[in-house]
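Listed here are the chains, written in short residue letters.
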Amino acid sequence: MCGYMLPRLTAFPYGGVVVKAGLRPRRGLGAVVALAAACLIGSQTPVTAHAAAPQQGGVTLDLHGGLHTFGGAVIDTTGAPWWPAWDIARSLSVLPDGSGGWVLDGLGGIHAFGTAPAITATSYWGSWDIARALVVTPDETGAYVLDAYGGVHATGTAPALPGAPYFGWDIARGLEVHYDGGGIPDGGWVLDGYGGVHAFGAAPAFTSPAYYAGFSVWRQIHMPASGSLYIVGQYGIVSGVASGLAPAWSGYADWGGADVIRDEVLLDPTFTPFSMQPASVNAIEAFRIAHTASVGMVARPECNVPRSVLKPGKEIVVSLACQELNAFENGQLVIRTYVTTGKPILPTPPGHYSVLRKQHPFLMRSSWAYGTIGWYAPSWVQWV
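Rules used in this analysis
Residues numbered from 1 in each chain as written. Predicted model: local features only at pLDDT ≥ 70, side-chain atom pairs only at ≥ 80, totals over all residues. Heavy atoms only, no water. Helix = DSSP H or I, 4+ residues; strand = E, 2+ residues; numbered from the N terminus. Buried < 20%, exposed > 50% of the residue type's maximum accessible area, 1.4 Å probe, protein only. Contact = heavy atoms within 4.5 Å. Areas by Shrake-Rupley, 256 points an atom, 1.4 Å probe, with all protein chains shown as cover. Salt bridge = Lys/Arg side-chain N within 4 Å of Asp/Glu carboxyl O. Pairing = 2+ DSSP bridges. Axes fitted to C-alpha atoms, helices over the stretch in contact; angles between N-to-C directions. pLDDT = per-residue confidence, 0-100. Phe/Tyr/Trp six-rings, centres within 6.5 Å; stacked < 30°, edge-to-face > 60°. Polar contact = N/O pair within 3.5 Å; in protein donor to acceptor, adjacent residues only side chain to side chain.

1. Looking at the overall build of the protein
Part 1: Counting its regular elements, the protein contains two helices and 22 strands.
Part 2: Within the protein, the fraction of its 384 residues that count as buried is 49%.
Part 3: The long-range share in the protein, meaning contacts at least 24 apart out of those at least 6 apart in sequence, stands at 51%.
Part 4: Of the roughly 17,400 Å² of accessible surface on the protein, a fraction of 60% belongs to carbon and sulfur atoms.

Shown next as structure tokens:
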């Protein structure tokens, strides 16, 4: 399972936050954002296998697997995975007392660290980056893995959780499990990328704190032992589903407008006095742009992209000059994202095309001989 892991680099302290070599979070520029809060769920009292008091503060997971603490949290990261130069870390689960935890990679591998026991994944997708979220049961003998289409896969002693929404396309992002009074899983919540919180089983329904249709900016959903449900977005932005979220943020740092953060676990979000998340100005602005593109996107004459089109339904405009895909729905620009259209010697000719089929994922293979000017190494891409 772990044969593909690259060597883990040595951790060192940087600005009060534990940082793995090669990734240094940028401090906030003094601005803060009032994002949040969550709600106390009455009977939700999962059992725990650790008697020690829960840690305060939290832990940030970066795209390479680096673990960065804040708020006074002390975490045993012995044996934690580390994938330098590979964006593959997806989800984090931490024991309440900080003695260890688990990292989920995008292929479905579950990697224990500290004193956390190993959990063998029963669903593993090899070279397909489709695993999105991990929830470990309180007895630490089972877990649930959410795939990007909405499938919830039980492993170890975890019982099956029927009733979870299945979207059938890459939009499922986060998973949290609801437990009955005896600590038995009986439902949960699935977070979609737009911010929708979908309850199933015995889990109570909640209204999303921030829903942005057409913009996949949310990544994870968590509920600590205190019962405060919250969601994590791109650039590390945290938002509560109701009220009551008050973690210790001292020492928190992000990477500004760089999309580095993959998960944030708040170990005890009941800290007093209350303080807002000290997200950096650049992170706040990057997140705002990411979810307001339909309002803020403007015509780009340098890319030959209009602000709107007259045709009803769906239309895609690909800019060869800017290497961008612009998707319109009923005349309005709803998505703008980067694409690759080929090297200058292998250009995509301008013209009008129809989408006949889609493949996800897809292994790009060069038809040119190795060593020739048109050859490139085989590369996996998300969509063709």
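Picking up where we left off.
2. Quick word on the pattern of salt bridges
Part 1: Considering all chains together, one arrives at nine salt bridges under this definition.
Part 2: Between Asp 129 and Arg 132 there is a salt bridge whose closest N-O contact spans 3.1 Å. Each member of the pair Asp 129 and Arg 132 is classed as buried.
Part 3: For the salt bridge of Arg 262 with Asp 259, the shortest nitrogen-to-oxygen distance reads 3.5 Å.

3. Here we look at the environment of Trp 380
Part 1: Take Trp 380: it is sitting in strand β22 (residues 379–381).
Part 2: For Trp 380, a relative accessible area of 48% puts it in the partly exposed group.
Part 3: Taking the C-alpha atoms as reference points, Trp 380 and His 360, 20 residues apart in sequence, are found 9.5 Å from one another.
Part 4: For Trp 380, the contacting residues outside a window of four places in its chain are Ser 127, Pro 361, Phe 362 and Leu 363.

4. Brief notes about the sheet that holds strand β9 (residues 142–147)
Part 1: In space, the three strands of this open sheet follow the order β8-β9-β10, with antiparallel pairing throughout. What marks the edges here is a single partner per strand, and that holds for β8 (131–136) and β10 (152–156). In this sheet, adjacent strand axes meet at a mean angle of 25° when their direction is disregarded.
Part 2: Relative to β10, β9 runs antiparallel, the two sharing five bridges. Residue Ala 143 lies in a different strand from β10, and its bridge partner there is Thr 155.

5. So, the confidence of the model for the protein
Part 1: Of all residues in the protein, 79% attain a pLDDT of 70 or more, and the chain-wide mean is 80.
Part 2: In the model, residues 1–51 has pLDDT below 50 throughout and makes 155 contacts with residues more than four positions away in sequence or in other chains.

6. A word on the sheet that holds strand β7 (residues 110–114)
Part 1: Spatially, β5-β6-β7 is the arrangement adopted by the three strands of the open sheet, whose pairing is antiparallel. Each having just a single partner strand, β5 (89–94) and β7 make up the two edges of the open sheet. Looking at each pair of strands side by side, their axes are set apart by 20° on average, direction ignored.
Part 2: As paired strands, strand β6 (residues 100–105) and β7 are joined by five bridges and run antiparallel to one another. Among the inter-strand pairings, Val 103 is bridged to a residue of β7, identified as His 111.

7. What to know about the packing of aromatic side chains
Part 1: Under the definition given, this model contains 11 aromatic pairs.
Part 2: Ring geometry for Trp 128 against Tyr 149: centres 6.1 Å apart, planes inclined by 80°, an arrangement best described as edge-to-face. Here Trp 128, found in the loop between β7 and β8, pairs with Tyr 149, found in the loop between β9 and β10; they are 21 residues apart in sequence, far enough to count as distant.
Part 3: Assessed through its relative accessible area of 15%, Tyr 149 is described here as buried.
Part 4: Ring geometry for Tyr 212 and Trp 218: centres 6.5 Å apart, planes at 10°, overall stacked. Like Tyr 212, the residue Trp 218 is buried in the burial classification.

8. Details of the environment of Pro 347
Part 1: Relative to the assigned elements, Pro 347 resides in the loop between β20 (332–338) and β21 (362–364).
Part 2: Here Pro 347 falls in the exposed class, since its relative accessible area comes to 57%.
Part 3: Residues Pro 347 and Leu 320, spaced 27 residues apart in sequence, show a C-alpha to C-alpha distance of 8.8 Å.

9. Here we look at unusual backbone geometry
Part 1: Phi at Ala 85 is positive, roughly 65°, even though this residue is not glycine.
Part 2: If you trace the backbone, Ala 85 turns up in the loop between β4 (67–70) and β5.
Part 3: Taking relative accessible area as the criterion, Ala 85 reaches 78% and is therefore assigned exposed.
Part 4: Phi at Glu 140 takes a positive value of approximately 65°, unusual for a residue other than glycine.
Part 5: Its place among the elements puts Glu 140 in the loop between β8 and β9.

10. Things to note about the environment of Ala 89
Part 1: Following the sequence through the fold, Ala 89 ends up in strand β5.
Part 2: Judged by its relative accessible area of 0%, Ala 89 is buried.
Part 3: Along the primary structure Ala 89 and Asp 62 are separated by 27 residues, whereas in three dimensions their C-alpha atoms are 7.0 Å apart.
Part 4: Excluding residues within four positions of it along the chain, Ala 89 makes contact with Leu 61, Asp 62, Leu 63, His 64, Gly 65, Trp 83, Val 103, Leu 104 and Arg 262.

11. Focus on the side chain of Thr 155
Part 1: Position of Thr 155 relative to the elements: it lies in strand β10.
Part 2: For Thr 155, a relative accessible area of 2% gives the class buried.
Part 3: A polar contact of 2.6 Å, which involves the side chain of Thr 155, links it to the backbone oxygen of Thr 120.
Part 4: Apart from the residues lying within four places of it in its own chain, the contact partners of Thr 155 are Ile 110, Ile 119, Thr 120, Ala 121, Thr 122, Gly 142 and Ala 143.

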